[in-house]
Amino acid sequence: VFTFSSPSHIPVTAILEPQLFLPERFFPASARNLFQFYVENFQDPLMQNQPLWFKALVSAECLFQLPFFFYAIRAFRRRDNGVRIPAIVYAAHALTQMLPILATIFLDPATPKDRTAILAGCYLPYFFIPLWLLIHMIRNPVPFPEVKTD
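Each value, and the rule that gives it
Residues numbered from 1 in each chain as written. Predicted model: local features only at pLDDT ≥ 70, side-chain atom pairs only at ≥ 80, totals over all residues. Heavy atoms only, no water. Axes fitted to C-alpha atoms, helices over the stretch in contact; angles between N-to-C directions. Helix = DSSP H or I, 4+ residues; strand = E, 2+ residues; numbered from the N terminus. Left-handed = near helix turned anticlockwise from the far one by under 90°. Contact = heavy atoms within 4.5 Å. Parallel < 35°, antiparallel > 145°, perpendicular 65-115°, else oblique. Nonpolar A, V, L, I, M, F, W, Y, C, P; charged D, E, K, R; others polar. Polar contact = N/O pair within 3.5 Å; in protein donor to acceptor, adjacent residues only side chain to side chain.

(A) Molecular detail of the packing of helix α5 (residues 84-107) against helix α7 (residues 125-139). Packing of α5 against α7 brings their axes to within 8 Å, and their N-to-C directions diverge by 145 degrees. Here the hand of the crossing between α5 and α7 comes out left-handed. Across the interface between the two elements, Arg 84, Ala 87, Ile 88, Tyr 90, Ala 91, Ala 94, Leu 95, Met 98, Leu 99 and Leu 102 of α5 pack against Tyr 126, Phe 127, Pro 130, Leu 131, Leu 133, Leu 134, Met 137 and Ile 138 of α7.

Below, the structure written as structure tokens:
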């Protein structure tokens, strides 16, 4: 699951999210247009209003999680058990940052009620995949046991 979710998370983290805190000149027109398309069509109040706390969470995601994705993809493909502790740290960080984001999506009156399900579909995988990863890594001191062949 994680081997496939990391590559899908990289473009969002590398192209869309930094637009919340970096100047426009750092992004090609296609990236700026994609950001605008998301904001206009999904009516995401976090991306529209860009509260400071959200910018702080997104900047931490870009700074800490983005490099981890590249490391994790390689480690998972190689079945490297050394990924266990970094994966636990990543998952705990991701889950913690998702709590205020999900609270906003589900409870904030600024979220259009007709958009809640769509936005939940966008954000919930970033909660449940790290939750699965955290549980898996905590329960398995050796996440990739050797495969015995006869």
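(B) Fine view of the packing of helix α4 (residues 52-78) against α5. One way to put it is that α4 packs onto α5 with a least axis distance of 11 Å and a crossing angle of 150 degrees. Classified by the angle between their axes, α4 and α5 sit roughly antiparallel to one another. In this structure, the crossing between α4 and α5 has a hand that is left-handed. On the side of α4, the interface is formed by Trp 53, Phe 54, Leu 57, Ala 60, Glu 61, Gln 65, Phe 68, Phe 69 and Tyr 71, while α5 contributes Pro 86, Ala 87, Tyr 90, His 93, Ala 94, Gln 97, Pro 100, Ile 101 and Thr 104. Looking at side-chain class alone, the contact of α4 with α5 contains 13 nonpolar, four polar and one charged residues.

(C) Region of the structure containing the environment of Asn 41. By secondary structure assignment, the location of Asn 41 is in helix α2 (residues 29-42). Sequence spacing of Asn 41 and Arg 115 is 74 residues, and the spatial spacing of their C-alpha atoms is 9.7 Å. Of note is the side chain of Asn 41, whose polar atom sits 2.9 Å from the backbone oxygen of Phe 37.

Just geometry here; none of it tells us what the structure is for.
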